[in-house]
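Spelled out, the chains give:
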Amino acid sequence: MKFVRGGLFALTAASFCAVVPAHADGNAAAGKTKFYTCVGCHGIPNYNNAYPAYRVPKLGGQHPEYIAAALNEYKSGDRSHPTMRAQASTLSDQDIADIAAYLAVAPEKKGD
Ligand code: HEC
């Protein structure tokens with residue numbers, strides 16, 4: 001398979017696309033919208049949830065493959081965290097690709 005760098009994804013991800021490997025055909029703009037429900041936990045300063053106080057993983061700037069793999073593992077049950085299983089179970093493959101693309105190009109601020 002060839003590397004696909006062009007197209008829509010490069011338009012939305014222009015400044016970072018050089019490091020984004022090929023097969024992610026997620027749409028970062030769509031992913032931003034889909035990430036809204038996640039912002040309550042993942043889009044907060046210092047990645048500490050206010051109540052109850054627990055840390056959530058930093059997602060921005062992760063490789064899209066990593067994000068997608070993690071979400072698929074929650075969805076399939078390979079990762080057992082109940083909250084994230086509930087979140088991931090509502091996502092389609094396209095949702096996951098879009099969210100992964102968005103997170104890869106938005107390293108710091110989420111939910112703005
Ligand atoms: C209620 C709070 C909450 C919400 C809402 C939430 N998450 Fe999470 N998320 C967590 C917690 C807590 C963890 C750590 C779980 C663990 O230890 O496995 C996590 C883990 C993750 C991970 C794995 C990160 C890693 O480094 O392994 C990903 C990816 C992720 N969440 C994406 C999302 C996405 C996408 C959404 C929205 C569809 C979302 N989360 C919504 C709390 C939340």
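Worth saying up front: this structure is predicted, and the values here are computed from it rather than measured. (Residues numbered from 1 in each chain as written. Predicted model: local features only at pLDDT ≥ 70, side-chain atom pairs only at ≥ 80, totals over all residues. Heavy atoms only, no water.)

**Q** Please explain helix α6 (residues 93–105) as it appears in this structure.
**A** Because each turn of an α-helix spans 3.6 residues, side chains separated by three or four positions in sequence point in the same direction. With 13 residues, α6 extends 19 Å between its outermost C-alpha atoms, agreeing within 8% with the 18 Å of an ideal straight helix rising 1.5 Å per residue. Taken across its 13 residues, α6 has eleven buried, putting it largely inside the fold. The complete set of buried residues in α6 reads D95, I96, A97, D98, I99, A100, A101, Y102, L103, A104 and V105. (Helix = DSSP H or I, 4+ residues; strand = E, 2+ residues; numbered from the N terminus. Expected span 1.5 Å × (residues − 1). Buried < 20%, exposed > 50% of the residue type's maximum accessible area, 1.4 Å probe, protein only.)

**Q** Explain the layout of surface pockets here, please?
**A** Empty space left among the atoms is revealed by rolling a probe the size of a water molecule over them. In this model, the largest pocket occupies a volume close to 510 Å³. Looking at the largest pocket, it is lined by 27 residues, and the ones nearest its centre are H42, L59, L71, Y74 and M84. Here the residues of the lining of the largest pocket are counted per class, giving 16 nonpolar, six polar and five charged. (1 Å grid on protein atoms, 1.4 Å probe; cavity = no way out; pocket = protein on both sides within 12 Å on 5 of 7 lines; lining within 4 Å. Points joined across faces, edges and corners; volume = space filled by probe spheres on them. Nonpolar A, V, L, I, M, F, W, Y, C, P; charged D, E, K, R; others polar.)

**Q** I would appreciate a short explanation of the site of the ligand in the present structure.
**A** Inspection of the region around the ligand gives 18 residues, with C38, C41, H42, Y74 and M84 positioned closest. Contacts to the ligand include H42, whose side-chain N or O atom sits 2.8 Å from a nitrogen atom. Y66 places a side-chain nitrogen or oxygen 2.8 Å from an oxygen atom of the ligand. Structurally, the ligand is housed in the largest pocket. (Near = heavy atom within 4 Å. Polar contact = N/O pair within 3.5 Å; in protein donor to acceptor, adjacent residues only side chain to side chain. Sits in = over half its atoms within 2 Å of the grid points.)

**Q** Before we go on, may I ask you to explain the packing of aromatic side chains in this structure?
**A** Ring pairs (aromatic) are described by centroid distance and by the angle formed between their planes. Counted according to the given criterion, the structure contains one aromatic pair. Ring centres of F35 and Y102 lie 5.9 Å apart, and the angle between their planes is 55 degrees; on these two criteria the pair is classed as tilted. In this pair, F35 is assigned in the loop between α2 (28–34) and α3 (36–42) and Y102 in helix α6, connecting sequence segments 67 residues apart. Considered together, F35 and Y102 belong to a single accessibility category, that of buried residues. (Phe/Tyr/Trp six-rings, centres within 6.5 Å; stacked < 30°, edge-to-face > 60°.)

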